[in-house]
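Single-letter residue listing:
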Amino acid sequence: MDVAEQTLPTEQAGRRRCASLLAGATAEELHAAWDALKDKPETKPVRGPETGLVMVRGRIGGGGSPFNLGEATVTRATVALASGTVGHAQALGTNKQKVKLAAIFDALWQEDATREHVENAVLTPVERRVEAENKAKAEETAATRVDFFTMVRGED
Amino acid sequence: MYVAVKGGEAAISNAHRLLADRRRGDRSLPSVTIDQIAEQLGLAVDRVMAEASLYDRSLAALAVRQSRGDLIEAIFLLRAYRTTLPRFGNSVPLDTADMLVERRVSATYKDLPGGQLLGPTFDYTHRLLDPSLLSDEAVEEPARRDASDEEIMRVSDILAHEGLIEADGELPQDHQASDLTREPMEFPMARDLRLQALARGDEGFLLALGYSTQRGYGRNHPFVGEIRIGEVEVEMEVPELGFAVSLGQIRVTECQMVNQFKGSSKAPPQFTRGYGLVFGQSERKAMSMSLVDRALRAEELGEDITAPAQDEEFVISHSDNVQATGFVEHLKLPHYVDFQAELAMVRKMRADIEAARNGETEMKDAAE
(Lines give C-alpha, C1' and ligand atoms only; values in the text may rest on other atoms or scores of the structure.)
Protein backbone atom coordinates (compact mmCIF):
# COMPACT_ATOMS: atom_id res chain seq x y z
CA MET A 1 0.00 0.00 0.00
CA ASP A 2 1.44 3.36 -0.92
CA VAL A 3 1.44 6.50 1.18
CA ALA A 4 -1.39 8.12 -0.78
CA GLU A 5 -3.60 5.14 -0.13
CA GLN A 6 -2.88 5.15 3.61
CA THR A 7 -3.76 8.80 3.98
CA LEU A 8 -7.05 8.61 2.05
CA PRO A 9 -9.99 9.62 4.17
CA THR A 10 -11.85 6.56 5.41
CA GLU A 11 -15.02 7.24 3.43
CA GLN A 12 -13.02 7.69 0.24
CA ALA A 13 -11.03 4.53 0.92
CA GLY A 14 -14.32 2.68 1.46
CA ARG A 15 -15.70 3.94 -1.82
CA ARG A 16 -12.50 2.97 -3.59
CA ARG A 17 -12.67 -0.53 -2.18
CA CYS A 18 -16.35 -0.77 -3.14
CA ALA A 19 -15.67 0.41 -6.72
CA SER A 20 -12.73 -1.93 -7.11
CA LEU A 21 -14.68 -4.97 -5.88
CA LEU A 22 -17.68 -4.11 -8.04
CA ALA A 23 -15.36 -3.88 -11.05
CA GLY A 24 -13.98 -7.30 -10.17
CA ALA A 25 -17.38 -8.91 -9.64
CA THR A 26 -18.68 -11.32 -12.26
CA ALA A 27 -22.01 -10.73 -13.97
CA GLU A 28 -23.36 -13.86 -12.20
CA GLU A 29 -22.37 -12.56 -8.77
CA LEU A 30 -24.09 -9.23 -9.37
CA HIS A 31 -27.22 -10.83 -10.80
CA ALA A 32 -27.44 -13.20 -7.82
CA ALA A 33 -27.10 -10.29 -5.37
CA TRP A 34 -29.74 -8.33 -7.28
CA ASP A 35 -32.14 -11.27 -7.23
CA ALA A 36 -31.58 -11.61 -3.47
CA LEU A 37 -32.50 -7.99 -2.90
CA LYS A 38 -35.97 -7.86 -1.27
CA ASP A 39 -37.03 -4.31 -2.06
CA LYS A 40 -35.68 -3.60 -5.51
CA PRO A 41 -35.08 0.14 -5.78
CA GLU A 42 -36.36 2.37 -8.53
CA THR A 43 -33.39 3.53 -10.57
CA LYS A 44 -32.97 6.10 -13.27
CA PRO A 45 -30.14 5.93 -15.76
CA VAL A 46 -28.06 9.10 -15.70
CA ARG A 47 -25.39 8.04 -18.14
CA GLY A 48 -24.86 4.87 -20.09
CA PRO A 49 -24.21 2.08 -19.72
CA GLU A 50 -21.72 2.85 -22.47
CA THR A 51 -18.59 1.15 -23.76
CA GLY A 52 -15.44 3.02 -24.67
CA LEU A 53 -11.70 2.83 -24.34
CA VAL A 54 -9.13 3.60 -21.72
CA MET A 55 -5.58 4.21 -22.87
CA VAL A 56 -3.50 1.97 -20.63
CA ARG A 57 -0.18 3.53 -19.72
CA GLY A 58 3.05 1.95 -18.67
CA ARG A 59 6.26 3.52 -17.44
CA ILE A 60 9.60 3.48 -19.24
CA GLY A 61 11.83 0.94 -17.48
CA GLY A 62 8.94 0.11 -15.13
CA GLY A 63 9.15 3.27 -13.03
CA GLY A 64 10.12 6.10 -15.40
CA SER A 65 8.06 8.48 -17.51
CA PRO A 66 4.65 7.27 -18.68
CA PHE A 67 4.07 5.96 -22.20
CA ASN A 68 0.95 4.74 -23.98
CA LEU A 69 0.97 0.95 -24.00
CA GLY A 70 -2.36 0.34 -25.72
CA GLU A 71 -6.07 0.62 -25.12
CA ALA A 72 -8.54 -1.57 -23.28
CA THR A 73 -12.30 -1.72 -23.55
CA VAL A 74 -14.09 -0.26 -20.55
CA THR A 75 -17.80 0.08 -19.80
CA ARG A 76 -19.24 2.66 -17.43
CA ALA A 77 -22.64 3.56 -16.08
CA THR A 78 -24.17 6.13 -13.78
CA VAL A 79 -27.56 5.62 -12.15
CA ALA A 80 -29.63 7.58 -9.65
CA LEU A 81 -31.88 6.14 -6.96
CA ALA A 82 -35.24 7.72 -6.14
CA SER A 83 -33.56 9.24 -3.08
CA GLY A 84 -31.22 11.12 -5.40
CA THR A 85 -28.15 9.08 -4.49
CA VAL A 86 -25.97 8.62 -7.56
CA GLY A 87 -23.96 5.48 -8.22
CA HIS A 88 -21.06 5.11 -10.64
CA ALA A 89 -19.44 1.99 -11.97
CA GLN A 90 -16.73 1.23 -14.46
CA ALA A 91 -15.10 -2.04 -15.41
CA LEU A 92 -12.89 -3.47 -18.12
CA GLY A 93 -14.77 -5.25 -20.88
CA THR A 94 -18.02 -4.67 -22.70
CA ASN A 95 -20.64 -6.13 -20.35
CA LYS A 96 -23.20 -3.32 -20.02
CA GLN A 97 -25.70 -5.26 -17.91
CA LYS A 98 -23.04 -6.07 -15.36
CA VAL A 99 -21.79 -2.50 -15.10
CA LYS A 100 -25.31 -1.11 -14.78
CA LEU A 101 -25.93 -3.44 -11.84
CA ALA A 102 -22.58 -2.43 -10.36
CA ALA A 103 -23.62 1.24 -10.54
CA ILE A 104 -26.85 0.43 -8.71
CA PHE A 105 -24.90 -1.39 -6.00
CA ASP A 106 -22.52 1.55 -5.75
CA ALA A 107 -25.52 3.77 -5.04
CA LEU A 108 -27.00 1.28 -2.59
CA TRP A 109 -23.67 1.05 -0.77
CA GLN A 110 -23.83 4.77 -0.10
CA GLU A 111 -27.21 4.49 1.62
CA ASP A 112 -27.21 3.41 5.26
CA ALA A 113 -30.26 1.17 4.83
CA THR A 114 -28.76 -0.96 2.07
CA ARG A 115 -25.01 -0.82 2.71
CA GLU A 116 -25.12 -4.00 4.74
CA HIS A 117 -26.79 -5.95 1.96
CA VAL A 118 -24.19 -4.74 -0.54
CA GLU A 119 -21.39 -5.69 1.86
CA ASN A 120 -22.81 -9.14 2.62
CA ALA A 121 -24.24 -10.10 -0.75
CA VAL A 122 -21.64 -8.56 -3.06
CA LEU A 123 -18.45 -7.09 -1.65
CA THR A 124 -17.52 -9.74 0.91
CA PRO A 125 -18.16 -12.74 -1.38
CA VAL A 126 -16.28 -11.09 -4.26
CA GLU A 127 -13.40 -10.17 -1.97
CA ARG A 128 -13.21 -13.75 -0.67
CA ARG A 129 -13.36 -15.24 -4.15
CA VAL A 130 -10.66 -12.92 -5.50
CA GLU A 131 -8.46 -13.62 -2.47
CA ALA A 132 -8.87 -17.37 -2.93
CA GLU A 133 -8.14 -17.17 -6.65
CA ASN A 134 -5.07 -15.04 -6.10
CA LYS A 135 -3.85 -17.36 -3.37
CA ALA A 136 -4.31 -20.37 -5.65
CA LYS A 137 -2.42 -18.64 -8.46
CA ALA A 138 0.38 -17.62 -6.12
CA GLU A 139 0.68 -21.20 -4.82
CA GLU A 140 0.69 -22.68 -8.30
CA THR A 141 3.44 -20.25 -9.28
CA ALA A 142 5.36 -20.96 -6.06
CA ALA A 143 5.41 -24.66 -6.98
CA THR A 144 7.44 -23.71 -10.08
CA ARG A 145 10.09 -21.87 -8.03
CA VAL A 146 13.58 -23.22 -8.66
CA ASP A 147 15.38 -24.56 -5.60
CA PHE A 148 19.03 -24.48 -6.48
CA PHE A 149 21.32 -26.96 -4.82
CA THR A 150 25.03 -27.42 -5.05
CA MET A 151 26.51 -30.68 -6.24
CA VAL A 152 29.55 -31.63 -4.22
CA ARG A 153 31.96 -33.56 -6.39
CA GLY A 154 35.11 -35.37 -5.44
CA GLU A 155 36.66 -35.75 -1.98
CA ASP A 156 37.38 -32.82 0.26
CA MET B 1 -9.03 7.62 -72.19
CA TYR B 2 -10.55 6.68 -68.82
CA VAL B 3 -13.15 3.96 -68.65
CA ALA B 4 -15.04 3.42 -65.40
CA VAL B 5 -15.65 -0.27 -64.75
CA LYS B 6 -18.42 -1.63 -62.59
CA GLY B 7 -19.24 -5.18 -61.76
CA GLY B 8 -18.35 -8.04 -59.50
CA GLU B 9 -21.09 -7.56 -56.88
CA ALA B 10 -22.39 -11.08 -57.31
CA ALA B 11 -18.88 -12.51 -57.36
CA ILE B 12 -17.95 -10.65 -54.16
CA SER B 13 -21.10 -11.67 -52.39
CA ASN B 14 -20.62 -15.32 -53.33
CA ALA B 15 -16.94 -15.15 -52.38
CA HIS B 16 -17.90 -13.98 -48.89
CA ARG B 17 -20.49 -16.71 -48.66
CA LEU B 18 -17.81 -19.22 -49.63
CA LEU B 19 -15.47 -17.70 -47.06
CA ALA B 20 -18.11 -18.21 -44.35
CA ASP B 21 -18.47 -21.82 -45.45
CA ARG B 22 -14.73 -22.51 -45.39
CA ARG B 23 -14.43 -20.76 -42.05
CA ARG B 24 -17.01 -23.12 -40.60
CA GLY B 25 -15.34 -26.11 -42.23
CA ASP B 26 -16.67 -29.65 -41.91
CA ARG B 27 -20.20 -29.32 -40.45
CA SER B 28 -19.98 -32.75 -38.84
CA LEU B 29 -17.43 -31.30 -36.39
CA PRO B 30 -18.53 -29.11 -33.49
CA SER B 31 -18.04 -25.40 -34.00
CA VAL B 32 -15.29 -23.83 -31.89
CA THR B 33 -16.60 -21.36 -29.30
CA ILE B 34 -15.23 -17.95 -28.30
CA ASP B 35 -14.58 -19.22 -24.77
CA GLN B 36 -12.69 -22.22 -26.15
CA ILE B 37 -10.48 -19.95 -28.23
CA ALA B 38 -9.88 -17.57 -25.32
CA GLU B 39 -9.05 -20.46 -22.98
CA GLN B 40 -7.23 -22.94 -25.21
CA LEU B 41 -5.60 -20.70 -27.81
CA GLY B 42 -4.83 -18.03 -25.23
CA LEU B 43 -1.44 -17.05 -26.62
CA ALA B 44 -2.89 -16.41 -30.09
CA VAL B 45 -5.49 -14.22 -28.41
CA ASP B 46 -2.70 -12.44 -26.50
CA ARG B 47 -0.81 -11.73 -29.70
CA VAL B 48 -3.90 -10.29 -31.33
CA MET B 49 -4.55 -8.00 -28.34
CA ALA B 50 -0.93 -6.85 -28.22
CA GLU B 51 -0.58 -5.99 -31.89
CA ALA B 52 -4.11 -4.62 -32.24
CA SER B 53 -3.23 -2.48 -29.22
CA LEU B 54 -6.58 -3.31 -27.65
CA TYR B 55 -6.99 -5.41 -24.54
CA ASP B 56 -10.21 -7.42 -24.67
CA ARG B 57 -9.92 -11.20 -24.57
CA SER B 58 -13.44 -11.95 -25.83
CA LEU B 59 -13.26 -9.58 -28.78
CA ALA B 60 -9.78 -10.81 -29.69
CA ALA B 61 -11.04 -14.42 -29.57
CA LEU B 62 -13.95 -13.43 -31.80
CA ALA B 63 -11.48 -11.85 -34.22
CA VAL B 64 -9.37 -15.04 -34.27
CA ARG B 65 -12.46 -17.08 -35.06
CA GLN B 66 -13.70 -14.67 -37.73
CA SER B 67 -10.29 -14.55 -39.40
CA ARG B 68 -9.96 -18.37 -39.51
CA GLY B 69 -6.85 -18.07 -37.35
CA ASP B 70 -5.11 -15.54 -39.61
CA LEU B 71 -3.71 -13.45 -36.77
CA ILE B 72 -2.81 -10.37 -38.78
CA GLU B 73 -6.34 -10.35 -40.19
CA ALA B 74 -7.63 -10.68 -36.61
CA ILE B 75 -5.44 -7.76 -35.54
CA PHE B 76 -6.85 -5.72 -38.41
CA LEU B 77 -10.43 -6.52 -37.33
CA LEU B 78 -9.74 -5.44 -33.76
CA ARG B 79 -7.98 -2.25 -34.89
CA ALA B 80 -10.99 -1.39 -37.02
CA TYR B 81 -13.33 -2.06 -34.09
CA ARG B 82 -11.45 0.26 -31.72
CA THR B 83 -11.97 3.20 -34.06
CA THR B 84 -15.72 2.94 -33.38
CA LEU B 85 -15.35 3.60 -29.65
CA PRO B 86 -14.89 6.88 -27.77
CA ARG B 87 -11.95 7.17 -25.40
CA PHE B 88 -12.89 7.80 -21.79
CA GLY B 89 -9.41 8.68 -20.60
CA ASN B 90 -5.94 7.48 -19.71
CA SER B 91 -5.18 4.94 -17.03
CA VAL B 92 -2.91 5.66 -14.12
CA PRO B 93 0.44 4.19 -15.29
CA LEU B 94 0.61 0.46 -14.48
CA ASP B 95 2.68 -0.52 -11.47
CA THR B 96 4.47 -3.63 -12.68
CA ALA B 97 6.31 -3.93 -9.35
CA ASP B 98 2.94 -4.73 -7.78
CA MET B 99 2.17 -7.55 -10.22
CA LEU B 100 0.51 -10.82 -9.26
CA VAL B 101 3.47 -12.69 -10.73
CA GLU B 102 2.84 -15.90 -12.71
CA ARG B 103 6.37 -16.17 -14.04
CA ARG B 104 9.60 -14.37 -13.25
CA VAL B 105 13.07 -15.33 -14.34
CA SER B 106 16.37 -13.54 -14.27
CA ALA B 107 19.45 -14.47 -16.25
CA THR B 108 21.69 -12.14 -14.25
CA TYR B 109 21.14 -13.36 -10.67
CA LYS B 110 20.63 -16.93 -9.59
CA ASP B 111 19.38 -16.15 -6.10
CA LEU B 112 17.29 -13.04 -5.96
CA PRO B 113 14.43 -11.86 -3.75
CA GLY B 114 11.29 -13.66 -4.88
CA GLY B 115 13.30 -16.38 -6.62
CA GLN B 116 13.20 -17.82 -10.10
CA LEU B 117 9.57 -18.65 -10.82
CA LEU B 118 9.19 -20.65 -14.01
CA GLY B 119 5.41 -20.45 -14.35
CA PRO B 120 3.63 -21.96 -17.36
CA THR B 121 6.61 -22.02 -19.73
CA PHE B 122 7.53 -23.91 -22.91
CA ASP B 123 11.17 -23.72 -21.76
CA TYR B 124 12.72 -27.10 -20.92
CA THR B 125 10.05 -28.99 -22.86
CA HIS B 126 11.59 -31.33 -25.41
CA ARG B 127 9.54 -30.00 -28.29
CA LEU B 128 8.28 -33.47 -29.04
CA LEU B 129 4.74 -33.69 -30.39
CA ASP B 130 2.51 -35.00 -27.63
CA PRO B 131 0.23 -37.80 -28.86
CA SER B 132 -1.89 -37.52 -25.71
CA LEU B 133 -3.26 -34.28 -27.14
CA LEU B 134 -4.68 -36.22 -30.09
CA SER B 135 -7.42 -37.26 -27.72
CA ASP B 136 -9.06 -35.45 -24.86
CA GLU B 137 -7.19 -36.99 -21.95
CA ALA B 138 -7.75 -35.56 -18.49
CA VAL B 139 -5.10 -33.04 -17.43
CA GLU B 140 -3.61 -32.99 -13.93
CA GLU B 141 -4.32 -30.09 -11.61
CA PRO B 142 -1.25 -27.88 -11.11
CA ALA B 143 1.03 -28.56 -8.14
CA ARG B 144 0.90 -26.09 -5.28
CA ARG B 145 3.32 -24.90 -2.67
CA ASP B 146 3.01 -22.25 0.03
CA ALA B 147 3.83 -18.90 -1.49
CA SER B 148 6.36 -16.78 0.38
CA ASP B 149 5.51 -13.21 1.29
CA GLU B 150 8.91 -12.12 0.04
CA GLU B 151 8.67 -9.15 -2.29
CA ILE B 152 9.50 -10.07 -5.89
CA MET B 153 11.98 -7.27 -6.28
CA ARG B 154 12.83 -5.76 -9.64
CA VAL B 155 16.32 -6.67 -10.78
CA SER B 156 16.88 -3.08 -11.91
CA ASP B 157 16.25 -1.97 -8.30
CA ILE B 158 18.85 -4.44 -7.02
CA LEU B 159 21.51 -3.00 -9.32
CA ALA B 160 20.31 0.55 -8.75
CA HIS B 161 21.28 0.36 -5.06
CA GLU B 162 24.93 0.33 -6.09
CA GLY B 163 24.44 2.92 -8.84
CA LEU B 164 25.60 0.33 -11.37
CA ILE B 165 22.67 0.81 -13.71
CA GLU B 166 21.00 3.77 -15.30
CA ALA B 167 17.62 4.94 -13.97
CA ASP B 168 14.26 3.76 -15.36
CA GLY B 169 14.07 6.44 -18.04
CA GLU B 170 12.81 9.92 -17.25
CA LEU B 171 11.82 12.28 -20.02
CA PRO B 172 11.92 16.05 -19.36
CA GLN B 173 9.44 17.24 -16.69
CA ASP B 174 7.23 19.09 -19.18
CA HIS B 175 7.04 16.16 -21.62
CA GLN B 176 3.52 14.89 -22.27
CA ALA B 177 3.24 11.23 -23.30
CA SER B 178 2.50 11.40 -27.01
CA ASP B 179 0.03 9.08 -28.70
CA LEU B 180 0.55 7.81 -32.24
CA THR B 181 -3.15 7.07 -32.60
CA ARG B 182 -3.89 10.78 -32.16
CA GLU B 183 -1.04 12.70 -33.80
CA PRO B 184 0.89 11.95 -37.00
CA MET B 185 4.33 10.49 -36.33
CA GLU B 186 7.39 12.67 -36.72
CA PHE B 187 11.03 11.67 -36.64
CA PRO B 188 13.08 11.80 -34.53
CA MET B 189 10.67 10.81 -31.78
CA ALA B 190 10.91 10.58 -28.00
CA ARG B 191 11.36 7.20 -26.34
CA ASP B 192 7.77 7.07 -25.04
CA LEU B 193 6.33 7.20 -28.56
CA ARG B 194 8.83 4.60 -29.79
CA LEU B 195 7.75 2.28 -27.00
CA GLN B 196 4.08 2.72 -27.97
CA ALA B 197 4.95 1.82 -31.57
CA LEU B 198 7.06 -1.17 -30.49
CA ALA B 199 4.38 -2.45 -28.09
CA ARG B 200 1.96 -2.76 -31.03
CA GLY B 201 4.67 -3.71 -33.53
CA ASP B 202 4.78 -7.00 -35.40
CA GLU B 203 6.35 -9.74 -33.30
CA GLY B 204 8.14 -11.32 -36.25
CA PHE B 205 9.62 -8.03 -37.41
CA LEU B 206 10.85 -7.11 -33.93
CA LEU B 207 12.16 -10.62 -33.37
CA ALA B 208 14.21 -10.43 -36.56
CA LEU B 209 15.57 -6.99 -35.66
CA GLY B 210 16.39 -8.04 -32.11
CA TYR B 211 18.16 -11.11 -33.51
CA SER B 212 20.10 -8.92 -35.94
CA THR B 213 21.55 -6.92 -33.02
CA GLN B 214 22.75 -10.17 -31.45
CA ARG B 215 24.42 -11.17 -34.70
CA GLY B 216 26.43 -7.98 -34.79
CA TYR B 217 24.25 -5.47 -36.60
CA GLY B 218 24.26 -2.92 -33.80
CA ARG B 219 25.48 -5.20 -31.04
CA ASN B 220 24.64 -4.04 -27.50
CA HIS B 221 25.60 -6.98 -25.27
CA PRO B 222 22.26 -7.82 -23.65
CA PHE B 223 21.46 -9.79 -20.50
CA VAL B 224 17.91 -10.56 -19.46
CA GLY B 225 17.84 -8.75 -16.14
CA GLU B 226 14.33 -9.98 -15.67
CA ILE B 227 11.20 -11.18 -17.39
CA ARG B 228 7.97 -11.11 -15.46
CA ILE B 229 4.47 -12.11 -16.52
CA GLY B 230 1.34 -11.59 -14.49
CA GLU B 231 -1.71 -9.54 -13.73
CA VAL B 232 -1.59 -5.85 -12.91
CA GLU B 233 -4.31 -3.50 -11.77
CA VAL B 234 -5.63 -0.93 -14.25
CA GLU B 235 -6.76 2.23 -12.48
CA MET B 236 -8.40 5.31 -13.89
CA GLU B 237 -9.25 8.69 -12.39
CA VAL B 238 -13.00 9.07 -12.26
CA PRO B 239 -13.83 12.79 -12.32
CA GLU B 240 -17.20 12.23 -10.59
CA LEU B 241 -15.41 10.59 -7.66
CA GLY B 242 -12.30 12.72 -7.67
CA PHE B 243 -9.90 9.80 -7.25
CA ALA B 244 -8.63 6.78 -9.16
CA VAL B 245 -10.45 3.46 -8.95
CA SER B 246 -9.62 0.01 -10.25
CA LEU B 247 -11.19 -1.08 -13.52
CA GLY B 248 -9.93 -4.62 -13.23
CA GLN B 249 -6.74 -6.52 -14.06
CA ILE B 250 -4.88 -7.20 -17.27
CA ARG B 251 -2.05 -9.63 -17.93
CA VAL B 252 1.19 -8.16 -19.23
CA THR B 253 4.72 -9.34 -19.95
CA GLU B 254 7.63 -7.12 -18.97
CA CYS B 255 11.27 -7.51 -19.97
CA GLN B 256 14.12 -5.58 -18.40
CA MET B 257 17.15 -5.96 -20.63
CA VAL B 258 20.47 -4.98 -19.08
CA ASN B 259 23.06 -3.90 -21.63
CA GLN B 260 26.70 -3.07 -21.70
CA PHE B 261 27.91 -0.04 -19.91
CA LYS B 262 28.33 3.49 -20.88
CA GLY B 263 30.47 6.02 -19.10
CA SER B 264 32.10 9.34 -19.75
CA SER B 265 34.74 11.60 -18.27
CA LYS B 266 31.97 12.95 -16.01
CA ALA B 267 29.93 9.84 -15.16
CA PRO B 268 31.39 6.50 -14.08
CA PRO B 269 30.45 3.53 -16.30
CA GLN B 270 27.08 1.91 -15.65
CA PHE B 271 24.83 -0.60 -17.36
CA THR B 272 22.32 0.74 -19.85
CA ARG B 273 18.86 -0.69 -20.39
CA GLY B 274 16.21 -1.66 -22.90
CA TYR B 275 12.57 -2.06 -21.93
CA GLY B 276 9.76 -4.21 -23.19
CA LEU B 277 6.12 -4.25 -22.06
CA VAL B 278 3.44 -6.17 -23.94
CA PHE B 279 -0.23 -7.06 -23.42
CA GLY B 280 -0.76 -10.70 -22.53
CA GLN B 281 1.80 -13.46 -22.15
CA SER B 282 4.42 -12.91 -24.82
CA GLU B 283 7.98 -13.29 -23.72
CA ARG B 284 9.42 -13.43 -27.23
CA LYS B 285 7.80 -10.15 -28.12
CA ALA B 286 8.75 -8.40 -24.85
CA MET B 287 12.37 -9.55 -25.23
CA SER B 288 12.53 -8.46 -28.86
CA MET B 289 10.98 -5.12 -27.95
CA SER B 290 13.56 -4.47 -25.24
CA LEU B 291 16.43 -5.33 -27.61
CA VAL B 292 15.08 -2.97 -30.25
CA ASP B 293 14.31 -0.25 -27.68
CA ARG B 294 17.93 -0.39 -26.59
CA ALA B 295 19.21 -0.38 -30.18
CA LEU B 296 17.09 2.67 -30.98
CA ARG B 297 18.73 4.57 -28.12
CA ALA B 298 22.00 4.59 -30.09
CA GLU B 299 21.95 8.30 -30.74
CA GLU B 300 20.99 9.20 -27.15
CA LEU B 301 23.91 7.08 -25.90
CA GLY B 302 26.38 8.46 -28.43
CA GLU B 303 26.78 5.26 -30.44
CA ASP B 304 27.40 5.07 -34.18
CA ILE B 305 24.26 4.30 -36.16
CA THR B 306 25.40 1.53 -38.48
CA ALA B 307 22.66 -1.09 -38.44
CA PRO B 308 18.96 -1.35 -39.40
CA ALA B 309 17.83 -1.95 -35.80
CA GLN B 310 19.33 1.42 -34.77
CA ASP B 311 17.55 3.35 -37.52
CA GLU B 312 14.48 4.83 -35.85
CA GLU B 313 12.66 5.90 -39.00
CA PHE B 314 13.27 2.54 -40.66
CA VAL B 315 12.19 0.48 -37.65
CA ILE B 316 9.16 2.47 -36.53
CA SER B 317 7.85 3.07 -40.07
CA HIS B 318 7.85 -0.65 -40.82
CA SER B 319 6.91 -2.23 -37.50
CA ASP B 320 3.13 -2.02 -37.87
CA ASN B 321 1.78 -5.13 -39.56
CA VAL B 322 -1.63 -3.63 -40.37
CA GLN B 323 -0.01 -0.76 -42.25
CA ALA B 324 2.43 -3.12 -43.93
CA THR B 325 -0.34 -5.51 -44.93
CA GLY B 326 -2.38 -2.68 -46.36
CA PHE B 327 0.37 -1.49 -48.62
CA VAL B 328 1.68 -4.88 -49.69
CA GLU B 329 -1.77 -6.36 -50.25
CA HIS B 330 -3.13 -3.37 -52.14
CA LEU B 331 -0.99 -4.60 -55.02
CA LYS B 332 -3.58 -7.28 -55.75
CA LEU B 333 -6.32 -4.71 -56.35
CA PRO B 334 -7.07 -3.70 -59.95
CA HIS B 335 -4.18 -1.83 -61.53
CA TYR B 336 -5.55 -2.41 -65.04
CA VAL B 337 -5.05 1.12 -66.31
CA ASP B 338 -1.57 1.54 -64.80
CA PHE B 339 -0.60 -1.75 -66.32
CA GLN B 340 -2.04 -0.86 -69.75
CA ALA B 341 0.09 2.29 -69.71
CA GLU B 342 3.23 0.31 -68.85
CA LEU B 343 2.36 -2.25 -71.52
CA ALA B 344 1.98 0.47 -74.16
CA MET B 345 5.30 1.96 -73.08
CA VAL B 346 7.21 -1.31 -73.24
CA ARG B 347 5.71 -2.08 -76.70
CA LYS B 348 6.77 1.31 -77.96
CA MET B 349 10.30 0.94 -76.60
CA ARG B 350 10.64 -2.45 -78.27
CA ALA B 351 9.24 -1.08 -81.54
CA ASP B 352 11.72 1.82 -81.44
CA ILE B 353 14.64 -0.54 -80.87
CA GLU B 354 13.40 -2.82 -83.64
CA ALA B 355 13.05 0.11 -86.03
CA ALA B 356 16.53 1.38 -85.18
CA ARG B 357 17.97 -2.09 -85.76
CA ASN B 358 16.21 -2.48 -89.11
CA GLY B 359 17.49 0.93 -90.16
CA GLU B 360 21.05 -0.14 -89.32
CA THR B 361 20.74 -3.40 -91.32
CA GLU B 362 19.35 -1.57 -94.35
CA MET B 363 22.25 0.89 -94.21
CA LYS B 364 24.70 -2.03 -93.93
CA ASP B 365 23.08 -3.86 -96.86
CA ALA B 366 23.22 -0.70 -98.97
CA ALA B 367 26.92 -0.23 -98.16
CA GLU B 368 27.82 -3.79 -99.16
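Everything quoted here is computed from the prediction, not taken from an experiment.

Remarks on the overall build of chain A
Moving on, step 1. The secondary structure content of chain A amounts to 5 helices and 3 strands.
Moving on, step 2. Counting from the amino terminus, helix and strand elements in chain A follow one another as α-α-α-β-β-β-α-α.
Moving on, step 3. Radius of gyration (C-alpha) of chain A: 21 Å, far over the 15 Å computed for a compact globule of 156 residues.
Moving on, step 4. In terms of overall dimensions, chain A has C-alpha extents of about 85 × 35 × 30 Å along its principal axes.
Moving on, step 5. The proportion of buried residues among the 156 residues of chain A is 46%.
Moving on, step 6. Long-range pairs, those at least 24 residues apart, make up 51% of the contacts in chain A between residues at least 6 apart in sequence.
Moving on, step 7. Only carbon and sulfur atoms are counted for the fraction: they give 50% of the accessible area of chain A, which is about 7,900 Å².
Moving on, step 8. Taking the average location of the 20 positive side-chain charges in chain A and that of its 23 negative ones, the two points are 6 Å from each other.

Description of the interface of chain B and chain A
Quite often, the size of an interface is put as the accessible area lost when its parts meet.
Moving on, step 1. Listed by partner, the interface residues are 75 residues for chain B and 53 residues for chain A.
Moving on, step 2. Between chain B and chain A lies a buried interface of about 5,600 Å² when both sides are counted; carbon and sulfur atoms form 60% of it.
Moving on, step 3. Of all residues in chain B, Phe88, Arg145 and Leu247 of chain B bury the most surface against chain A, accounting for 14% of the area lost on that side.
Moving on, step 4. On the surface where chain B and chain A come into contact, there are 8 salt bridges.
Moving on, step 5. Linking Arg16 of chain A and Glu235 of chain B is a salt bridge whose minimum nitrogen-to-oxygen distance equals 3.5 Å.
Moving on, step 6. Counting the contacts that link chain B with chain A gives 33 residue pairs in polar contact (both at pLDDT 80 or more).
Moving on, step 7. Considering every element that reaches the side of chain B that touches chain A, the biggest residue donor is strand 5 (residues 243-262) of chain B, with 11 residues.
Moving on, step 8. Each residue belonging to the side of chain B that touches chain A can be placed in one class, and the counts come to 35 nonpolar, 17 polar and 23 charged.
Moving on, step 9. Pairing analysis gives 3 bridges linking strand 1 (residues 43-59) of chain A to strand 2 (residues 87-92) of chain B, with the strands arranged parallel. From the neighbouring strand, Met55 of chain A faces strand 2 of chain B, where its bridge partner is Asn90 of chain B.

Considerations on the packing of aromatic side chains
Moving on, step 1. Taken as a whole, this structure holds 3 aromatic pairs over all chains when the rule is applied.
Moving on, step 2. Residues Trp34 of chain A and Phe105 of chain A carry aromatic rings whose centres are separated by 6.5 Å and whose planes lie at 80° to one another, so their mutual orientation is edge-to-face. Of the two residues, Trp34 of chain A sits in helix 3 (residues 27-35) while Phe105 of chain A sits in helix 4 (residues 96-110), which places them 71 residues apart along the sequence. By the burial criterion, Trp34 of chain A is buried, and Phe105 of chain A matches it.
Moving on, step 3. In this structure, Arg76 of chain A packs its charged tip against the face of Phe88 of chain B, placed 3.5 Å from the ring centre.
Moving on, step 4. One Lys or Arg, Lys110 of chain B, reaches over the ring of Phe148 of chain A and ends 4.9 Å from the middle of that ring.

Cut-offs used in this document
Residues numbered from 1 in each chain as written. Chains lettered and ligands numbered in written order. Predicted model: local features only at pLDDT ≥ 70, side-chain atom pairs only at ≥ 80, totals over all residues. Heavy atoms only, no water. Helix = DSSP H or I, 4+ residues; strand = E, 2+ residues; numbered from the N terminus. Rg over C-alpha atoms; globule rule 2.2 N^0.38 Å. Buried < 20%, exposed > 50% of the residue type's maximum accessible area, 1.4 Å probe, protein only. Contact = heavy atoms within 4.5 Å. Areas by Shrake-Rupley, 256 points an atom, 1.4 Å probe, with all protein chains shown as cover. Lys, Arg positive; Asp, Glu negative; His and termini not counted. Charge placed at Lys NZ, Arg CZ, Asp CG, Glu CD. Buried area = accessible area lost by both parts, 1.4 Å probe. Salt bridge = Lys/Arg side-chain N within 4 Å of Asp/Glu carboxyl O. Polar contact = N/O pair within 3.5 Å; in protein donor to acceptor, adjacent residues only side chain to side chain. Nonpolar A, V, L, I, M, F, W, Y, C, P; charged D, E, K, R; others polar. Pairing = 2+ DSSP bridges. Phe/Tyr/Trp six-rings, centres within 6.5 Å; stacked < 30°, edge-to-face > 60°. Lys NZ or Arg CZ within 6 Å of the ring centre and 35° of its normal.

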